[in-house]
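# A structural walkthrough
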Amino acid sequence: MEPFSFEKIIAWQKAHAFILMVYQITKHFPEEERFGLTSQFRRAAVSIGANIAEGYKKLGKADKLRFLNISEGSLAECENYIVLSQALGFINEEEYSLLHQCAEETGRLLTSYSIGIVNNKGIKD
């Protein structure tokens, strides 16, 4: 874990677990959704972790927070796909619950990380 220090961020770790869960669950979506909902869901999930990692390397608070905000937007997009996937019958109640719970925890950690950045005096404005 040492070479990539963004991996130490708890919000990134939870987002990464969410991404893996999305990939595992969408593996069983209908083949006709491969370039539709499956692709969109996965792309949005990957964006969460990618933007946390990219924001980590930014120097100023505003840049860091902008990338975290993009992560939050991608998470909201995923939450929409969770609801849609259940409504379309692509996921069962257990999968819905697992995805929803992981998404909520990821959101809480993203918010906490953002608050930590806002309150950190050592980061340039």
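Below or above, wherever it landed, is the structure these notes cover. (Residues numbered from 1 in each chain as written. Predicted model: local features only at pLDDT ≥ 70, side-chain atom pairs only at ≥ 80, totals over all residues. Heavy atoms only, no water.)

### Remarks on the environment of K57
Its location among the elements puts K57 in the loop between α2 (37–56) and α3 (61–87). Between the C-alpha atoms of K57 and Q24, which are 33 residues apart in sequence, the distance is 29 Å. (Helix = DSSP H or I, 4+ residues; strand = E, 2+ residues; numbered from the N terminus.)

### Notes on the pattern of salt bridges
The final tally for this structure, using the stated rule, is three salt bridges. E31 is paired through a salt bridge with R34; the nearest N and O atoms lie 3.4 Å apart. Note that R43 and E77 form a salt bridge whose closest N and O atoms lie 2.5 Å from each other. Of this pair, R43 sits in helix α2 while E77 sits in helix α3; the two residues are 34 residues apart in sequence, bridging distant segments of the chain. (Salt bridge = Lys/Arg side-chain N within 4 Å of Asp/Glu carboxyl O.)

### Regarding the side chain of S47
By secondary structure assignment, the location of S47 is in helix α2. The class for S47 is buried, based on a relative accessible area of 15%. Not counting residues within four places of it along the chain, the set of residues in contact with S47 comprises I70, S71 and S74. (Buried < 20%, exposed > 50% of the residue type's maximum accessible area, 1.4 Å probe, protein only. Contact = heavy atoms within 4.5 Å.)

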